[in-house]
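As a plain string of letters, each chain reads:
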Amino acid sequence: MTEYTYFRYYKDVNDNSKMAVKTAVQNFKNSIKKNKNFMQGFDFHIVNSYKDLKKQSRLTTFVQEHSDEFAITGGLTVSAASNGDKKEIIINVNNNGISSIWAKNKDTSAIKQATMHEIGHQFDDYFGSCKKDLVDKIRKMPVETDSEEDERVMSEYLRTKDLSDTKEFKSAWKQDAEKLNQNSLWDKCFNRLPFEYTPYYIDITDGVTDMEVEESDNARSEIFAQLFSYAMGEDDGQKDVITQKYKNSYKLVKSYIQRYLGIECE
């Protein structure tokens, strides 16, 4: 039975934005040579405000109710296991820059890149590995954990489920993170990484310990998704600096794409 991909458009999303998401997804699906079931059954919600989301799943309900907290976030997704087995991605096309004076929606290149970033998170999760009993517990757990035991289970799940949690990716990420502090003053001032892709939760000035690698689960996940989008040909204007700083991680992400999807990346 064929599982379709659905695109759900909300208020103030223009035609160019709608087409940007749909084109990015369809081009990606057409490039997949193996494990094509990875992209089956997805719902894409394209919004100009998270407040407009309909409460049809754990994810859309949570994001709609906490819309102010995610106001400047370009997209959101979670694993299917923590979303009632629903595969969903939310893309926010709202333009927050100075050009918002004349354009409510972001330019198409930024929207395509954000779309592939969120697909990158799903790829990271789908081809990762997690203990079945742990996944089963997550399926029964509410989005907002309300006990210490739930917090412990969720923490273990998030720290072990992804490709970005594998020993080889942690090793590659650690090598890259350790080099970030070795840049020249000129490089730090004028060719600096965007803040969201620096491991700001830890102190890298004295090197990176294995414990700090473990504590950087979110940082590893975010850079993995961003590198995935770049490997798939998208560029938000930051590709050169980010792939230069995360050379080892980028090489590994491209090898994962080839291994699991059969796509050769440049």
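Preceding this section is the structure that the text describes.
What counts and how
- Residues numbered from 1 in each chain as written.
- Predicted model: local features only at pLDDT ≥ 70, side-chain atom pairs only at ≥ 80, totals over all residues.
- Heavy atoms only, no water.
- Helix = DSSP H or I, 4+ residues; strand = E, 2+ residues; numbered from the N terminus.
- Buried < 20%, exposed > 50% of the residue type's maximum accessible area, 1.4 Å probe, protein only.
- Lys, Arg positive; Asp, Glu negative; His and termini not counted.
- Salt bridge = Lys/Arg side-chain N within 4 Å of Asp/Glu carboxyl O.
- Pairing = 2+ DSSP bridges.
- Axes fitted to C-alpha atoms, helices over the stretch in contact; angles between N-to-C directions.
- Contact = heavy atoms within 4.5 Å.

Focus: unusual backbone geometry
Next, step 1: One non-glycine residue, Asp12, lies in the positive phi region at around 70°.
Next, step 2: Looking at where Asp12 falls in the secondary structure, it is placed in the loop between strand E1 (6–9) and helix H1 (15–31).
Next, step 3: Although it is not a glycine, Asn35 sits at a positive phi angle of roughly 55°.
Next, step 4: As for its placement among the helices and strands, Asn35 is situated in the loop between H1 and strand E2 (42–47).
Next, step 5: We classify Asn35 as partly exposed; its relative accessible area is 35%.

Points about the side chain of Asp150
Next, step 1: Tracing the backbone shows Asp150 in helix H5 (residues 148–160).
Next, step 2: For the buried Asp150, no salt bridge exists, and the shortest N-O distance to an oppositely charged side chain is 8.5 Å, to Arg152.

Some details on the sheet that holds strand E4 (residues 87–92)
Next, step 1: Across the sheet, four strands lie side by side as E1-E2-E4-E3; this open sheet has mixed pairing. Across the chains shown, the open sheet's two edge strands, defined by having one partner strand only, are E1 and strand E3 (75–77). Ignoring strand direction, the axes of neighbouring strands in this sheet form an average angle of 15°.
Next, step 2: For E3 and E4, the ladder comprises three bridges, and the chain directions are antiparallel. In the sheet register, Gly75 faces E4, and the bridge partner there is Ile91.
Next, step 3: Its contacts with the sheet place H1 against E1, E2 and E4, and it is angled at close to 165° to E1.
Next, step 4: The strands touched by helix H3 (residues 108–126) within the sheet are E2, E3 and E4, with E4 carrying the most contacts at an inclination of about 150°.

Some details on the pairing of E4
Next, step 1: With six of six residues buried, E4 lies mostly within the body of the structure.
Next, step 2: What you see with E4 is no split at all: Lys87, Ile89 and Ile91 on one side and Glu88, Ile90 and Asn92 on the other are buried throughout.
Next, step 3: In this sheet, E4 lies alongside E2 in parallel orientation, the contact comprising six bridges. Looking across to E4, one finds that Phe44 is bridged to Ile89.

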